[in-house]
Amino acid sequence: MFLFLHFLKKKKENVKPTQTRKPTAKTIKKTSAETAARKGELGEYKIDIQLDQLPKDCRYLSDLLVKNSKAKSGYSQIDHVVLTPYGIFTIETKNYQGTIYGGKDRKTWLVNGKFKMMNPFVQNYGHIAALKKLIDETYHPLFISMVSFTKRCTFKVGLEYRKVASNELIVYDIELSEFIHRKISVLKLQHKEPLLSETDISTIHHTFNQANITDLSIREEHKLKLSIPEVTNTNSSAACVTCSKPVSAKVQAYCLSNKRFEGKIYCYEHQKTR
């Protein structure tokens, strides 16, 4: 009996402990990227479900990459475009979590009061401008800008963004089709006849589809250029038209890209009064 217990003790001593491999920074980074990718795919899936619920006289396109000479990368990547008889909805989707703080007069918005994001409507304005160049001017007034967030967000933004009468709307992804339906209903009351015929919708759909860049190398180059931080030009000679205060190149670009300022440049303080 003593020899048997001695044998078991020896065997136990010879067993090597299992080594737990610590996750490296590369592994953590890869896992985070994979998680983000999965969340993105799930978000797009939820959007597609919403868009599939639209009436049969509506058509949509997703993940368009079109040329835009004014964009940082030379291209605009548009998440979704919905063509309806009463308007063209351009949709920017966001996959953030937390409280979103923002307003019309702010170039950058905040997530949880800490992380900065570009005003999504300024971003969408550039997308719409790129799409307008592809189609006839008669269709230009028909664009409606929408930004979709997940239900993991709460909004601390201007109330006008949630009013269906507005042409700039913030919605949750699960209510996207509802808001499009409601917006179309409002437009039907304003116009006796559809603003776009079935032929118009097919023509615009074909035009956007033809302009879409599917080349993977160009798409990767676009992503790479967006990931490179911009160098601020501190030697800008632009000044506010109201107080003559010098403004940065970014402020100048923002004013010139915002139709509210009618091609004039204002400092941050005087932007509020416009």
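Residues numbered from 1 in each chain as written. Predicted model: local features only at pLDDT ≥ 70, side-chain atom pairs only at ≥ 80, totals over all residues. Heavy atoms only, no water.

Helix and strand content of the chain: 8 helices and 9 strands. Taking all 274 residues of the chain together, 36% fall into the buried category. Restricting to contacts in the chain with at least 6 residues of sequence separation, those with at least 24 account for 57%. Only carbon and sulfur atoms are counted for the fraction: they give 55% of the accessible area of the chain, which is about 17,500 Å². (Helix = DSSP H or I, 4+ residues; strand = E, 2+ residues; numbered from the N terminus. Buried < 20%, exposed > 50% of the residue type's maximum accessible area, 1.4 Å probe, protein only. Contact = heavy atoms within 4.5 Å. Areas by Shrake-Rupley, 256 points an atom, 1.4 Å probe, with all protein chains shown as cover.)

We now examine the sheet that holds strand β7 (residues 143-149). Overall, mixed pairing links the 5 strands, which are arranged β1-β2-β3-β7-β9 in an open sheet. Here the strands that pair on one side only, and so sit at the sheet edges, are β1 (59-67) and β9 (168-172). Sheet twist, expressed as the average angle between the axes of neighbouring strands with direction ignored, equals 30°. Helix α3 (residues 120-132) contacts β1, β2 (75-84), β3 (87-94), β7 and β9 of the sheet and is inclined by roughly 135° relative to β3. Where helix α5 (residues 198-211) meets the sheet, its contacts fall on β1, β2, β3 and β7, and the angle it forms with β1 comes to roughly 40°. (Pairing = 2+ DSSP bridges. Axes fitted to C-alpha atoms, helices over the stretch in contact; angles between N-to-C directions.)

Right, let's get into the pattern of salt bridges. In this structure the tally under the stated criterion is 8 salt bridges. The closest approach of N and O atoms between Lys104 and Glu168, which form a salt bridge, is 2.5 Å. Here the residue Lys104 occupies a position in the loop between β4 (98-101) and β5 (108-111), and Glu168 occupies one in strand β9, the gap between them amounting to 64 residues. When its relative accessible area of 33% is taken as the criterion, Lys104 is described as partly exposed. (Salt bridge = Lys/Arg side-chain N within 4 Å of Asp/Glu carboxyl O.)

Turning next to the layout of surface pockets. Here the second largest pocket defines a volume of roughly 460 Å³. Forming the boundary of the second largest pocket are 20 residues, of which Phe121, Tyr125, Ser145, Glu168 and Lys259 lie nearest the centre. Looking at the lining of the second largest pocket, the elements that each hand over two or more residues are α3, β7 and α7 (249-257). (1 Å grid on protein atoms, 1.4 Å probe; cavity = no way out; pocket = protein on both sides within 12 Å on 5 of 7 lines; lining within 4 Å. Points joined across faces, edges and corners; volume = space filled by probe spheres on them.)

With that settled, the discussion passes to the nonpolar core. Residues Val81, Leu83, Ile88, Ile204 and Phe208 are the most contacted members of the largest nonpolar core, which totals 18 residues. At the level of secondary structure, the elements contributing two or more residues to this core comprise β1, β2, α3 and α5. Those residues in contact with Ile88 that lie beyond four places of it in its chain are Val81, Val82, Leu83, Ile135, Tyr139, Leu142, Phe143, Ile144, Leu196 and Ile204. Core analysis: the next-biggest nonpolar cluster, separate from the first, contains 17 residues, Leu54, Cys58, Val82 and Leu176 among them. (Core = buried A, V, L, I, M, F, W, Y, C linked by side-chain atoms within 4.5 Å.)

This next bit is on the packing of aromatic side chains. Enumeration over the complete set of coordinates arrives at 7 aromatic pairs. Consider the rings of Phe149 and Phe155, whose centres lie 5.5 Å apart with planes at 65°: the pair is edge-to-face. Taken individually, Phe149 and Phe155 each receive the classification buried, so the pair is uniform in this respect. Considering the side-chain rings of Phe155 and Tyr172, the 4.6 Å spacing of their centres and the 20° angle between planes classify their relative orientation as stacked. Of the two residues, Phe155 sits in strand β8 (residues 153-156) while Tyr172 sits in strand β9, which places them 17 residues apart along the sequence. Across the pair, Tyr172 and Phe155 agree in class, each one buried. Through pairs of rings, three or more aromatic residues link up here, namely Trp109, Phe121 and Tyr161. (Phe/Tyr/Trp six-rings, centres within 6.5 Å; stacked < 30°, edge-to-face > 60°.)

Take the environment of Gln97 next. Along the polypeptide, Gln97 turns up in the loop between β3 and β4. In the structure, Gln97 is positioned 14 residues away from Val111 in sequence and 7.7 Å away in space, judged by C-alpha atoms. Residues within four places of Gln97 in sequence aside, it is in contact with Val111, Asn112, Arg152 and Cys153.

This next bit is on the confidence of the model for the chain. A residue-level look at the chain finds 81% of positions with pLDDT of 70 or above and a mean pLDDT of 84. Below pLDDT 50 for its whole length, residues 25-30 participates in 1 contact with residues either more than four positions away or in separate chains. (pLDDT = per-residue confidence, 0-100.)

Here the focus is the pairing of β7. Along β7, 7 of the 7 residues are buried, which leaves the element largely enclosed by surrounding structure. When β3 meets β7, the two strands line up parallel, connected through 7 bridges. Opposite Glu92, over in β7, you have Val147 as the bridge partner. The pairing of β7 with β9 spans 5 bridges and is parallel. Across the sheet, residue Phe149 finds its bridge partner in β9, namely Tyr172.

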